[in-house]
Amino acid sequence: MQLRFVGCGDALGSGGRYNTCFHVTGEGVNFLIDCGASWLPALKRQGVVRDAIDLILITHFHGDHFAGLPFLLLDAQFSRRTRPLVIAGPEGIETRLTQVMEALFQNSSRTKQRFELSVVALKPGQTRTFGAVNVTPYPVVHGESGGPFLGYRLEAEGRVIAYSADTEWTETLIPLGRDADLFIAEAYYYDKIVKNHLSLKTLEAHLDEIRAKRLVLTHMSDDMLGRLDTLAYTAASDGMVVEL
Ligand SMILES: [Zn+2]
Ligand SMILES: [Zn+2]
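Treat the numbers as computed from the prediction; the structure is a model and nothing was measured. (Residues numbered from 1 in each chain as written. Chains lettered and ligands numbered in written order. Predicted model: local features only at pLDDT ≥ 70, side-chain atom pairs only at ≥ 80, totals over all residues. Heavy atoms only, no water.)

Here's the deal with the overall build of the chain
- What the chain contains, in helices and strands, is 8 helices and 14 strands.
- A compact globule built from 244 residues should have a C-alpha radius of gyration of about 18 Å, and the chain, at 17 Å, falls within 12% of that.
- Considered along the principal axes of its C-alpha atoms, the chain spans approximately 50 × 35 × 35 Å.
- Relative to its full complement of 244 residues, the chain shows a buried share of 55%.
- Of the contacts made within the chain by residues no fewer than 6 positions apart, 63% connect residues no fewer than 24 positions apart.
- Looking at the chain as shown, the accessible area adds up to about 10500 Å², and 47% of this sits on carbon and sulfur atoms.
- Here the chain holds 24 positive side-chain charges and 29 negative ones, and the gap between their average locations is 6 Å. (Helix = DSSP H or I, 4+ residues; strand = E, 2+ residues; numbered from the N terminus. Rg over C-alpha atoms; globule rule 2.2 N^0.38 Å. Buried < 20%, exposed > 50% of the residue type's maximum accessible area, 1.4 Å probe, protein only. Contact = heavy atoms within 4.5 Å. Areas by Shrake-Rupley, 256 points an atom, 1.4 Å probe, with all protein chains shown as cover. Lys, Arg positive; Asp, Glu negative; His and termini not counted. Charge placed at Lys NZ, Arg CZ, Asp CG, Glu CD.)

Considerations on the pattern of salt bridges
- Taken as a whole, this structure holds 6 salt bridges when the rule is applied.
- Here D75 ties to R50 by a salt bridge, and the two come within 2.8 Å at their closest N and O atoms. One end of the pair, D75, is in helix α3 (residues 69–78); the other, R50, is in the loop between α1 (39–45) and β4 (55–57), with 25 residues separating them in the sequence.
- Between K201 and E204 there is a salt bridge; the shortest N-O distance is 3.0 Å. (Salt bridge = Lys/Arg side-chain N within 4 Å of Asp/Glu carboxyl O.)

Describing the pairing of strand β2 (residues 21–25)
- In terms of residue burial, β2 counts as a mostly covered element, since 5 of its 5 residues are buried.
- Examined bridge by bridge, strand β1 (residues 2–7) and β2 share 5 bridges and lie antiparallel to one another. Counted as the bridge partner of R4 is H23 from β2.
- Bridge count for β2 against strand β3 (residues 30–33) is 4 bridges, and the pairing is antiparallel. Bridging across to β3, T25 finds its partner in N30.
- Following β2, the chain reverses through 4 residues before pairing antiparallel with β3. (Pairing = 2+ DSSP bridges.)

Comments concerning the coordination of the zinc ion (ligand 2)
- Distances from the zinc ion (ligand 2) to its protein donors, H60 (NE2), H62 (ND1), H142 (NE2) and D166 (OD), fall within 2.2 to 2.4 Å.
- Geometry at the zinc ion (ligand 2) is irregular, judged from its 4 donor atoms and the angles of 90 to 173 degrees they form at the metal.
- Here the zinc ion (ligand 2) and the zinc ion (ligand 1) are spaced 3.5 Å apart, and both take D166 as a donor. One end of the pair, H142, is in the loop between β8 (133–139) and β9 (150–156); the other, D166, is in the loop between β10 (159–163) and α5 (173–177), and 24 residues separate them in sequence. The same class applies to H142 as to D166, namely buried. (Donors = N, O, S within 2.8 Å, 3.2 Å for Na, K, Ca; no water. Tetrahedral: all angles 85-135°; square planar, octahedral: opposite > 155°, others 65-115°.)

Observations concerning the environment of S38
- Within the secondary structure, S38 is located in the loop between β3 and α1.
- Separated by 19 residues in sequence, S38 and L57 have C-alpha atoms that sit 16 Å apart.
- Look past the residues within four positions of S38 in its chain and what remains in contact with it is Y18 and N19.

Considerations on unusual backbone geometry
- Cis geometry marks the peptide bond from G147 to P148, where omega comes out at 0 degrees.
- Within the fold, P148 resides in the loop between β8 and β9.
- Here D34, not a glycine, exhibits a phi torsion of approximately 65 degrees, which is positive.
- Positive phi values are uncommon outside glycine, yet N196 reaches one of about 75 degrees.
- Relative to the assigned elements, N196 resides in the loop between β11 (182–186) and α6 (200–204).

Topic: the side chain of S38
- On the basis of relative accessible area, S38 is assigned to the buried category, the value being 16%.
- A polar atom in the side chain of S38 sits 2.8 Å from the backbone nitrogen of N19. (Polar contact = N/O pair within 3.5 Å; in protein donor to acceptor, adjacent residues only side chain to side chain.)

Here it is, written out as structure tokens:
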């Protein structure tokens, strides 16, 4: 199994990075974690085959994490996709999806697709199975609008991938990431404490409790990107692939 950081940027295009989108592939799995607005050019630039993706997990309803969906569905329509597709995310996802589709491509939410599209709302603490992927959502803390906010702990092919999503520090990150083979954590700032986002120093203070086998930092601001050469941790970059 492998995870590709198709995009690991923030909402502001810091460092010229694409919005958040990770692509996980293995013998029996092919799914996306988040689908930010710049998803489609990022995937095409990296030569990723879109037709084989059968699940998309959305963490929250900010444009840099879910506004790629209208482009994805338009692309699926024009590429004459037939493979069924599941889009799963926080409660309200069905309404949010319709709204963003109508805002970007009027009437697109009414287009009859050739493939079966299922939109599934996930609840914190309730594990759901999609094909060979077990998905456990955890509540995270990321402000007032654009939620509910979910981080994910995913099990597939004997491996655990955990993703904090966008969040300030919250104790749920400990069970979310504990002993994970790969823990992808937001590190928006180096040591500045702000609401709704995580700093590396705060995360660092809890790494002993999380005990992830591998940590990769993502969703970094210019503050963090300017320090990449000095960090003791692996930082994501667009196109980077992690073997699991
Ligand atoms: Zn974000
Ligand atoms: Zn966000």
